[in-house]
Protein chains: 2
Amino acid sequence: MKITLAHGSGGASTKELIEQIFAASYNNPVLDMMEDSAVVDGSKKIAITTDSFVVDPIFFKGGNIGRLAVCGTVNDLLMRGATPKYITSAFIIEEGADTKDLKLIAAAMAQAAKEAGVYIVAGDTKVINGNGGIYINTSGVGFIDGPDFCSSRCKEDDVIIVSGSMGDHHAAILSHRMGIKNDIVSDVAPLCEMVLALKNKGIEVHAMRDVTRGGLGTVLNELADASKTCFELEEDKIPVNEQVRSFVKLLGLNIMHMGNEGKLVAVVAKKDANEALRIIRESKYGENAAIIGSVTSGDGVVMKTAIGGKKKVGILIGEGLPRIC
Amino acid sequence: MKITLAHGSGGASTKELIEQIFAASYNNPVLDMMEDSAVVDGSKKIAITTDSFVVDPIFFKGGNIGRLAVCGTVNDLLMRGATPKYITSAFIIEEGADTKDLKLIAAAMAQAAKEAGVYIVAGDTKVINGNGGIYINTSGVGFIDGPDFCSSRCKEDDVIIVSGSMGDHHAAILSHRMGIKNDIVSDVAPLCEMVLALKNKGIEVHAMRDVTRGGLGTVLNELADASKTCFELEEDKIPVNEQVRSFVKLLGLNIMHMGNEGKLVAVVAKKDANEALRIIRESKYGENAAIIGSVTSGDGVVMKTAIGGKKKVGILIGEGLPRIC
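Residues numbered from 1 in each chain as written. Chains lettered and ligands numbered in written order. Predicted model: local features only at pLDDT ≥ 70, side-chain atom pairs only at ≥ 80, totals over all residues. Heavy atoms only, no water.

J.: Can you tell me about the packing of aromatic side chains, naming the residues and giving the values?
T.: Tallied over the entire structure, the rule returns six aromatic pairs over all chains. Centre to centre, the rings of Tyr86(A) and Phe143(A) are 6.0 Å apart; their planes meet at 70°, and the pair counts as edge-to-face. Of this pair, Tyr86(A) sits in strand S4 (residues 83-94) while Phe143(A) sits in strand S6 (residues 134-143), and the two are 57 residues apart along the sequence. Since its relative accessible area comes to 13%, Phe143(A) is described here as buried. Taking the centre distance of 4.5 Å and the plane angle of 40° together, the rings of Phe22(B) and Phe91(B) count as tilted. On the criterion of sequence distance, the pair formed by Phe22(B) in helix H1 (residues 12-26) and Phe91(B) in strand S4 (residues 83-94) is long-range, its members being 69 residues apart. For the pair Phe22(B) and Phe91(B), one class covers both residues: buried. (Phe/Tyr/Trp six-rings, centres within 6.5 Å; stacked < 30°, edge-to-face > 60°. Helix = DSSP H or I, 4+ residues; strand = E, 2+ residues; numbered from the N terminus. Buried < 20%, exposed > 50% of the residue type's maximum accessible area, 1.4 Å probe, protein only.)

Structural data, given as structure tokens:
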């Protein structure tokens, strides 16, 4: 069935769409009440985040916009040291979109929510004029039940760990858009297991960020700025899948500005670095984690190249690849 | 300045846009941290809601999409008996949108948030291809610090109160789209004062809903369904502004299916009905509140007409007016 503007009217067609697709996929006692707000248990301190997803294409190797929308918001909560609890799901649908696609997307959201241990507790559906595009906003609430992580807490001698290979999601989306055939798969994933394990084992994590739009270069510059330190990296320690490395070389891209959707960078006290690496490597989605450098005095992000030189790593300037998430 | 896809890259242009427009308008200590999630105080029970806004036009008599986005979400929290606390603000912007408009919209959001007593604690900005359209998702968290309201609690003999005239927002948007000149103004407003006053005075409110997309007919049918009761209304008690009444007549519209953005319907225990009416009338945006009927046994929504007949009121079927919110 094709979506029409009537599906956004708030009347009978909207009700039908919600019941047949969203409520059917997400069903849980809170959402099923169909009230203006969900009422749920809270906590003394909470984390709140929001993210819209406009990825093009909506289905890609390794996932779709629905899985992305849940993982992105779950990961943003985790990055502050919160345990993700509740997610909202708001669709803006262009007329002409197919309900078959909406069903697949809603199912992927339900599956990702289950994997991440969160409930989808509230939703909204709007329809706009257009050509079948689908956009999703997910907002999330998590509980802070220990120390929260914060960019400004990075300190000299801290160790920088990434949880796996860089650039996979970006390269997968770009390959799709350019019609290049390869086996590159998006890394979109919820990082609950590794983050909650680090917390539970009492690892002294100072800051944590997921490496999305803007790439590792942009994220590390933001951390360096916020903590007034220098992030010193070793180029040959940064994990990159072979196919992605070739792809990046072929197109003249910069791996430091390529987005991922299932990777984090953790800045950890030196004493805990090896244990942190072990925990991440043993967790789902963390098998290729690596220590890539350390925090020093100074500012900005500096990379030691394989041949012994040093270069400054900037933030992404200009367009990058639009609509990767 | 015109928005380009580069403003959605996650790099330098995104940072500039966020700093110059959104952070500059919303600034508060939580948002200013610019982390992946906001960490804030919580509460034992919380309410969560989400709503996207795709209104066309984005500027209309009585408000704009920004004011609408804050009020809509604040009102959804209030309708469950929650005190609104935190709001997120996620923009999906089509390339070609003007930063001048974004500034006006962000300023309206900041002003509405201030009026409603909520902080904007998290944000997101995405840019898509298109023709300058602007879409906003706001999600909200409120604290439940007393009984929550719930549709299924409506009981026989309860009294039905609306907080003011029906159809203003809908008629204002439609007038704009049709190029009809009149003085009809959208009623978009945050309803904190009246709702929190009802709570503080201990009024026995069973259910409360804001009367938005789908109109009073759709909302009351949902309440009647959820509580397995009949909602009996008196047609001549339903407040409608004179200009709106003429407009509705001229175009052959049904006032029961027209959306508002600053009106609620409260279902109140009979013993408290007059006191509830007085409280709402004394509050900001409530001066035209009226008792419009009562809850009886049976099902559905029935209207006693001015000439003594009875007719069934259905939910909105079909398109209605798309993109009113």
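Here the narrative resumes, following the displayed structure.
J.: Summarise the packing of helix H2 (residues 65-78) of chain B against helix H3 (residues 99-116) of chain B; cite the residues concerned and give the values.
T.: All names here are of chain B. Contact pair H2 / H3: the axes reach a minimum separation of 7 Å and the direction vectors enclose 30°. In terms of orientation, H2 and H3 fall into the roughly parallel class. In terms of crossing hand, the pair formed by H2 and H3 is right-handed. Every residue of H3 that contacts H2 at Ile65, Gly66, Arg67, Ala69, Val70, Cys71 and Val74 is listed here: Ile105, Ala108, Met109, Gln111, Ala112, Ala113, Glu115 and Ala116. (Axes fitted to C-alpha atoms, helices over the stretch in contact; angles between N-to-C directions. Parallel < 35°, antiparallel > 145°, perpendicular 65-115°, else oblique. Left-handed = near helix turned anticlockwise from the far one by under 90°. Contact = heavy atoms within 4.5 Å.)

J.: I'd like a description of the pattern of salt bridges, backed by residues and values.
T.: Residues and elements named next belong to chain B. Counted according to the given criterion, the structure contains 48 salt bridges over all chains. Ionic pairing is found between arginine 67 and glutamate 115, a salt bridge with its closest N-O pair at 3.4 Å. Residue arginine 67 is located in helix H2, and its partner glutamate 115 is located in helix H3; the two are separated by 48 residues in the primary sequence. Looking at arginine 67, the relative accessible area reads 12%, which means it is buried. (Salt bridge = Lys/Arg side-chain N within 4 Å of Asp/Glu carboxyl O.)

J.: Describe unusual backbone geometry, and please don't skip the residues or the numbers.
T.: Residue and element names in this part refer to chain A. For the bond from aspartate 56 to proline 57, the omega torsion is 10°, close enough to zero to count as cis. By secondary structure assignment, the location of proline 57 is in the loop between strand S1 (38-53) and strand S2 (59-60). In this structure, arginine 323 takes a positive phi of about 55° despite not being glycine. We classify arginine 323 as buried; its relative accessible area is 13%.

J.: Tell me about a nonpolar patch on the surface, and please be specific about residues and values.
T.: On the surface, Met178(A), Ile180(A), Leu250(A), Leu251(A) and Leu253(A) cluster together to form a nonpolar patch covering roughly 420 Å² of accessible area. Summarising the element assignment, Leu253(A) is placed in the loop between helix H7 (242-251) and strand S10 (264-268). (Patch = residues over 30% accessible without salt bridge, like charges linked within 9 Å, V, L, I, M, F, W, Y side chains within 5 Å. Areas by Shrake-Rupley, 256 points an atom, 1.4 Å probe, with all protein chains shown as cover.)

J.: So, the side chain of Ser9(A): which residues are in play, and what are the values?
T.: All names here are of chain A. Position of serine 9 among the secondary structure elements: in the segment before helix H1 (12-26). Judged by its relative accessible area of 4%, serine 9 is buried. Of note is the side chain of serine 9, whose polar atom sits 2.9 Å from the backbone oxygen of alanine 6. (Polar contact = N/O pair within 3.5 Å; in protein donor to acceptor, adjacent residues only side chain to side chain.)

J.: Go over the nonpolar core with me, naming the residues and quoting the values.
T.: In this structure, Phe91(B), Leu216(B) and Phe231(B) are the most contacted members of the largest nonpolar core, which totals 94 residues. Other than its neighbours up to four places away in sequence, Leu216(B) contacts Val162(B), Met166(B), Val211(B), Ile238(B), Met256(B), Met258(B), Val265(B) and Ile292(B). Formed by 93 residues, the second largest nonpolar core is a distinct cluster that contains Tyr26(A), Ala106(A), Met258(A) and Val295(A). (Core = buried A, V, L, I, M, F, W, Y, C linked by side-chain atoms within 4.5 Å.)

J.: Any details on the relation of the copies chain A and chain B? Residues and values, ideally.
T.: Turning chain A through 180° and shifting it by 0.0 Å along the axis lays it on chain B, with an RMSD of 0.0 Å. With respect to symmetry, the two chain copies, as superposed, fit the operation of a two-fold axis. Among all C-alpha atoms of chain A, that of Ser43(A) lies closest to the rotation axis, at 2.7 Å. When the interface residues of chain A are mapped onto chain B, 100% of them again fall at the interface, so both copies present the same face. (Least-squares fit on C-alpha atoms with pLDDT ≥ 70 in both.)

J.: How would you sum up the packing of helix H4 (residues 168-178) of chain B against helix H7 (residues 242-251) of chain B? Please name residues and give values.
T.: All names here are of chain B. Running from N to C, H4 and H7 point in directions that differ by 60°, and their axes come no closer than 10 Å. It follows from the interaxial angle that H4 and H7 lie oblique. You can see that H4 and H7 cross each other, and the crossing is left-handed. Taking contact as the criterion, the partners of Asp168, Ala171, Leu174, Ser175 and Met178 in H4 are, on H7, Val244, Phe247 and Leu251.

J.: How would you explain the environment of Ala82(B) if you had to name every residue and give the values?
T.: All names here are of chain B. Topologically, alanine 82 is positioned in the loop between H2 and S4. The exposure class assigned to alanine 82 is buried, which follows from its relative accessible area of 0%. Put simply, alanine 82 and alanine 47 are 35 residues apart on the chain and 6.3 Å apart in space, counted from C-alpha to C-alpha. Here alanine 82 is in contact with Ala47, Leu77, Gly142, Phe143, Ile144, Leu196 and Lys199, once residues within four sequence places are set aside.

J.: Describe the sheet that holds strand S11 (residues 290-296) of chain A, naming the residues involved and giving the relevant values.
T.: Residue and element names in this part refer to chain A. Read across the sheet, seven strands follow the order S8-S10-S7-S11-S9-S12-S13 without closing on themselves; strand pairing throughout is mixed. Here the strands that pair on one side only, and so sit at the sheet edges, are strand S8 (205-210) and strand S13 (310-313). Strand after strand, the sheet turns through a mean of 25° between neighbouring axes, direction not considered. (Pairing = 2+ DSSP bridges.)

All quantities given are derived from atomic positions and should not be read as evidence of function.
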